[in-house]
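Working through the structure, step by step
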Number of protein chains: 2
Amino acid sequence: MNRQVILASRPKGIAQSENFEIVDRPLSPLNPGEIRIANRFLSVEPAMRGWIADTSNYAAPVVIGDVMKALAVGEIVESTDPDWNVGNLVTGWFGWQQFATVTTKEIVRKVDQTDLPVSLALGVLGINGVTALLGLTMAGEPKPGDTVVVSTAAGSVGSAVGQIAHILGCRTVGIAGGPVKVAQCRDLFGYDMALDYKADGLGPALDAACPDGVHVYFDNTAGMISDTVYPRLAQAARVVLCGTASIAQWDPWPSGPRVERHLLVKRARMQGFVVLDHFDLWDSAVEKLTNWVREGKLRYAEDISDGLGSCPDALAGLYRGENLGKRIIRL
Amino acid sequence: MNRQVILASRPKGIAQSENFEIVDRPLSPLNPGEIRIANRFLSVEPAMRGWIADTSNYAAPVVIGDVMKALAVGEIVESTDPDWNVGNLVTGWFGWQQFATVTTKEIVRKVDQTDLPVSLALGVLGINGVTALLGLTMAGEPKPGDTVVVSTAAGSVGSAVGQIAHILGCRTVGIAGGPVKVAQCRDLFGYDMALDYKADGLGPALDAACPDGVHVYFDNTAGMISDTVYPRLAQAARVVLCGTASIAQWDPWPSGPRVERHLLVKRARMQGFVVLDHFDLWDSAVEKLTNWVREGKLRYAEDISDGLGSCPDALAGLYRGENLGKRIIRL
């Protein structure tokens, strides 16, 4: 039998526990070309909200009754493909379930950094780290000396963005919610400045932290924090749009202060970035990130819960801002 | 004596007649390095709104009591500079006045296309045409087969954008206000489709006109028209922000539907463009535009009024959408 977390109903806004159901389904024998993986760690991403929403997104939504789409790390326990052997550790689109039956196209890569925790393949050496590196460099184009502002600065993407910007010679300003995350930004992730958006006066705090304006804004929020950053963009600034965590619902579509005049007057650019477009660059990105982790230049935090029973509330918990580090579920 | 149109008071929103005053001031003898120009044609630009506003803009605003900043074409009538001779036709920052006393840095270029009307140096062979060519190609990056949507499509910038996009092998969809401008878009400027935003159903009309979505959106409005275009952007679309004509005032700052999710989901880009950053490319742009005009591939419309007395209401008239073609004042 295979225990799975399935999408039971289409959520309005952020998915809650009741939108998921845990079911046991029989495992069928493998067909030729298939590989069976015993999942060890399951990933929880803010982007899952989009993967299950009806609203326009970059992929068709998960079908009601299907296992929840998720990245995971697991061990191959059965294989009909000579290139993939029993015992190999792999990461890929294995879903929130005990066992995944996949073809090679669902596998993202072998996990062969045996000196590092395998769970990192879901965070700093996985989609979050790769998003940070490629999004920052391709869409943000940071130059040494630039001031880089990061929202959700203590999150699994944001924390990597801040550190990579630092490695590339930028001044970094992190924005996070509450004193614990702000301290984590400063002490663990090494931001030059860390600001608490839940405290009063984010605008004046940004003015003080960015006397030359904001050259690169890496954003995962699309809400009040962004509205405070946009008027402070420097000439020729680059805004990387990577997530919209501040917006609980896109139906009805929310309004905010218009961005056009800021972008025009500052000759600035705003660019949407989706890492799933760049699987061709994944391996080289992971190699770079792995080296930085080994050298101690790229630090990470993980927030690990146990068991499939943690899955249904995991996404809602992420949006409540409860986690301190990459949210992972260990099986 | 020199008759001048001066900025008499700082406007709230769009400048009206009463914000300007016509005065006569004596001309002083030239200092070394100075050149005196008798203006023949004065330009009226939507961007003038920004040049006189207190709100954040790309240049310091015109000082109260100073002659209104404007591009113009004129003839040199006195010169202390051996490179610039009496009788030369020149275009540059000569202001809304009869005579301009300038140094070479205010001169943009000599006007030597003697086979074409000299007034074109203010429109299709001046700031409007150059904005269209450089904005479209540098920020819009159109590829053959792309669908290019243009707002203020019958305007002096928009009409050139549509025709240049056509020359570059794109499908063009123009959006303009009212049946006269829509007919001008179709019949004079050769848009593949022309839509009337003042009629009902701009959204469905855009859906029909752009079955593959909008690859490039060249915008001069930043209002309701844009809000209708953004949800229809194609994957990897480019939005060129060139003006904000739909917004009467930026104080208080207006709101609109949030753009971030459209840009993220479509991996699209929005980029502010100010042609004044690109004087180094001006001459080569004018050369290209001149060839297209001579070949009959780039058509233009001019809306010419006579006398300095037409100046005070000219900008307000532009924002009332009265003009059919580039607004020019002949002296």
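Everything quoted here is computed from the prediction, not taken from an experiment. What you see as residue numbers is a count from 1 along each chain, following the sequence as written. Labels follow written order: the first chain is A, the first ligand is 1, and so on. It should be noted that, the model being predicted, local features are given only for residues of pLDDT at least 70 and side-chain atom pairs only at 80 or more, the latter also being counted only at that level, while totals for whole chains, interfaces and linings use all residues.

**A closer look at the overall build of chain A**
The numbering of helices and of strands both runs from the N terminus, where a helix is a DSSP run of H or I of at least 4 residues and a strand a run of E of at least 2. When helices and strands are tallied, chain A shows nine helices and 16 strands. Over its C-alpha trace chain A gives a radius of gyration of 20 Å, about what one expects of a compact globule, namely 20 Å for 331 residues. Dimensions along the principal axes, computed over C-alpha positions, put chain A at roughly 60 × 45 × 35 Å. Split into buried and exposed, the 331 residues of chain A put 49% on the buried side. Residues are treated as contacting if the C-beta atoms built from their backbones sit within 7 Å of each other. Of the contacts made within chain A by residues no fewer than 6 positions apart, 66% connect residues no fewer than 24 positions apart. We compute the radius of gyration over the C-alpha atoms and compare it with the globule rule, which gives 2.2 Å times the number of residues raised to the power 0.38. Whether a residue is buried, exposed or partly exposed is read from the other C-beta atoms within 10 Å of its own C-beta, which are placed from the backbone; 20 or more gives buried, 12 or fewer gives exposed, and intermediate counts give partly exposed.

**Notes on the relation of the copies chain B and chain A**
Here the copies are matched by least squares. The fit uses the C-alpha atoms of residues with pLDDT of at least 70 in both. Note on the identical chains: chain B maps onto chain A by a rotation of 180 degrees and an axial translation of 0.0 Å, with an RMSD of 0.0 Å. Such a combination of turn and shift is consistent with a two-fold rotation axis. The position closest to the rotation axis in chain B is occupied by the C-alpha of Met 270 of chain B, lying 2.5 Å away. Of the interface residues in chain B, 100% have counterparts in chain A that sit at the interface too, so the contact is made through matching surfaces.

**A short note on helix α2 (residues 127-140) of chain A**
All names here are of chain A. Across the 14 residues of α2, 11 count as buried, placing the element largely inside the fold. Of the residues making up α2, those classed as buried are Ile 127, Asn 128, Gly 129, Val 130, Thr 131, Ala 132, Leu 133, Gly 135, Leu 136, Ala 139 and Gly 140. Note on α2: the residue one or two positions beyond its end, Glu 141, has a positive phi of about 40 degrees.

**Section: the domain arrangement of chain A**
Residues and elements named next belong to chain A. For each domain, the first and last residues come from an automatic or database assignment. Partitioning chain A into structural domains gives domain 1 (2-123 + 300-330) and domain 2 (127-276). Placing the centre of domain 1 and that of domain 2 at their C-alpha centroids yields a distance of 28 Å. In this complex, domain 1 contributes 17 residues to the contact, which on the side of domain 2 involves 17 residues. Tallied by class, the residues present in the side of domain 1 that touches domain 2 amount to nine nonpolar, five polar and three charged. Classes in brief: Ala, Val, Leu, Ile, Met, Phe, Trp, Tyr, Cys and Pro nonpolar; Asp, Glu, Lys and Arg charged; the others, Gly included, polar.

**Looking at the interface of chain B and chain A**
Contact residues are listed per partner, giving 29 residues for chain B and 29 residues for chain A. For the side of chain B that touches chain A, the secondary structure elements donating two or more residues are β13 (255-257), α7 (260-265) and β14 (269-272) of chain B. Grouping the amino acids of the side of chain B that touches chain A by side-chain chemistry returns 15 nonpolar, seven polar and seven charged. Strands are labelled as partners when DSSP assigns at least two bridges between them. Strand direction decides the pairing type here: strand β14 (residues 269-272) of chain A and β14 of chain B, joined by three bridges, are antiparallel. Within the sheet, the bridge partner assigned to Met 270 of chain A lies in β14 of chain B and is Met 270 of chain B.

**Thoughts on the packing of α2 of chain A against helix α8 (residues 282-294) of chain A**
All names here are of chain A. Packing of α2 against α8 leaves a shortest axis separation of 9 Å and a crossing angle of 100 degrees. As the angle between them shows, α2 and α8 are arranged roughly perpendicular. In contact with Gly 129, Val 130, Leu 133 and Leu 134 of α2, α8 contributes Trp 282, Ala 285, Val 286, Lys 288 and Leu 289. The residue inventory of the contact of α2 with α8, partitioned by class, reads seven nonpolar, one polar and one charged. With axes taken as lines fitted to C-alpha atoms, and helix axes fitted only over the stretch in contact, angles between N-to-C directions fall between 0 and 180 degrees. Oblique is the label for any angle not covered by the other classes, which are roughly parallel (under 35 degrees), roughly antiparallel (over 145) and roughly perpendicular (65 to 115).

**Topic: the environment of Val 157 of chain A**
Turning to its location among the elements, Val 157 of chain A is positioned in the loop between β8 (147-150) and α3 (158-167). A residue is classified by how many C-beta atoms lie within 10 Å of it, and Val 157 of chain A, with 30 of them, is buried.

**Considering the pairing of strand β10 (residues 193-196) of chain B**
Residues and elements named next belong to chain B. Neither face of β10 is left uncovered, since the one carrying Met 193 and Leu 195 and the one carrying Ala 194 and Asp 196 both have all their residues buried. Bridging between strand β9 (residues 171-176) and β10 involves four bridges; their strand directions are parallel. Across the sheet, residue Val 173 finds its bridge partner in β10, namely Met 193. If the strands point away from the viewer and the path from the first strand over the helix to the second runs clockwise, then the crossover is right-handed. Note on the crossover from β9 through helix α4 (residues 179-187) to β10: the handedness is right-handed.

**Describing the sheet that holds strand β10 (residues 193-196) of chain A**
With respect to topology, 12 strands assemble into an open sheet ordered β10(A)-β9(A)-β8(A)-β11(A)-β12(A)-β14(A)-β14(B)-β12(B)-β11(B)-β8(B)-β9(B)-β10(B), the strand pairing being mixed. Of all strands in the sheet, those bounded by a partner on one side alone are β10 of chain A together with β10 of chain B. Averaged over all pairs of adjacent strands, the angle between strand axes in this sheet comes to 15 degrees, irrespective of strand direction. Set on the sheet, helix α2 (residues 127-140) of chain B makes contact with β11 (214-219), β12 (233-241) and β14 of chain B; between it and β12 of chain B the angle comes to about 140 degrees. Packed on one face of the sheet, α4 of chain B meets β9 and β10 of chain B and runs near 170 degrees to β10 of chain B.

**With respect to the environment of Asn 39 of chain A**
Residues and elements named next belong to chain A. Topologically, Asn 39 is positioned in strand β3 (residues 35-43). A sequence separation of 181 residues divides Asn 39 from Asn 220, and the C-alpha atoms of the two residues are 28 Å apart. Setting aside residues no more than four positions away along its own chain, Asn 39 makes contact with Ala 72, Gly 74, Phe 94, Gln 97, Gln 98, Ala 100 and Leu 331.

**Some remarks on the confidence of the model for chain A**
pLDDT expresses how confident the predictor is about each individual residue, on a scale running from 0 to 100. Model confidence for chain A is summarised by a mean pLDDT of 95, while 99% of its residues fall at 70 or above. In the model output, the complex is listed with pTM 0.94 alongside ipTM 0.93.

**Focus: the environment of Ala 176 of chain B**
Residue and element names in this part refer to chain B. Residue placement: Ala 176 occurs in strand β9. It is 6.1 Å that separates the C-alpha atoms of Ala 176 and Tyr 197, two residues lying 21 residues apart in sequence. Apart from residues lying up to four places away in sequence, Ala 176 is in contact with Thr 152, Ala 153, Ala 154, Lys 181, Val 182, Cys 185, Ala 194 and Asp 196.

**Side note on unusual backbone geometry**
Residue Asp 251 of chain A is joined to Pro 252 of chain A through a cis peptide bond whose omega torsion reads 0 degrees. One non-glycine residue, Ala 236 of chain A, lies in the positive phi region at around 60 degrees. Structurally, Ala 236 of chain A can be placed in strand β12 (residues 233-241). When the 14 C-beta atoms within 10 Å are taken as the criterion, Ala 236 of chain A is described as partly exposed. Positive phi, normally seen in glycine, also occurs at Arg 267 of chain B, with a value near 50 degrees.

**Remarks on helix α3 (residues 156-167) of chain B**
All names here are of chain B. The terminal C-alpha atoms of α3 lie 17 Å apart, and with 12 residues this matches the ideal 16 Å at 1.5 Å per residue to within 8%. Counting buried positions along α3 gives 10 out of 12 residues, so the element sits mostly inside the fold. On its buried side, α3 packs onto α2, β8 (147-150), β9, β11 and β16 (326-330). In a helix, the anticipated span is given by 1.5 Å times the number of residues less one.

**Details of the pairing of strand β15 (residues 302-306) of chain B**
All names here are of chain B. Two strands pair when backbone bridges link them, and β15 and β16 are joined in this way by five bridges, in the parallel orientation. Bridge pairing in β16 places Asp 303 opposite Arg 327. Since β15 and β16 lie parallel, the crossover through helix α9 (residues 311-319) that links them has a hand, and here it is right-handed.

**Brief notes about the packing of α2 of chain B against α3 of chain B**
Residue and element names in this part refer to chain B. Relative to each other, α2 and α3 sit at 45 degrees, their axes nearing to 8 Å. In terms of axis orientation, α2 runs oblique to α3. α3 is crossed by α2, and the crossing has right-handed handedness. Contact with α2, carried on its side by Asn 128, Gly 129, Thr 131, Ala 132, Leu 133 and Leu 136, involves Ser 156, Val 157, Ala 160, Val 161, Ile 164 and Ala 165 of α3 and no other residues of that element. Among the residues forming the contact of α2 with α3, the class breakdown is eight nonpolar, four polar and no charged. Throughout, a crossing is termed right-handed when the near helix is turned clockwise from the far one, and left-handed when it is turned anticlockwise from it by less than a right angle.

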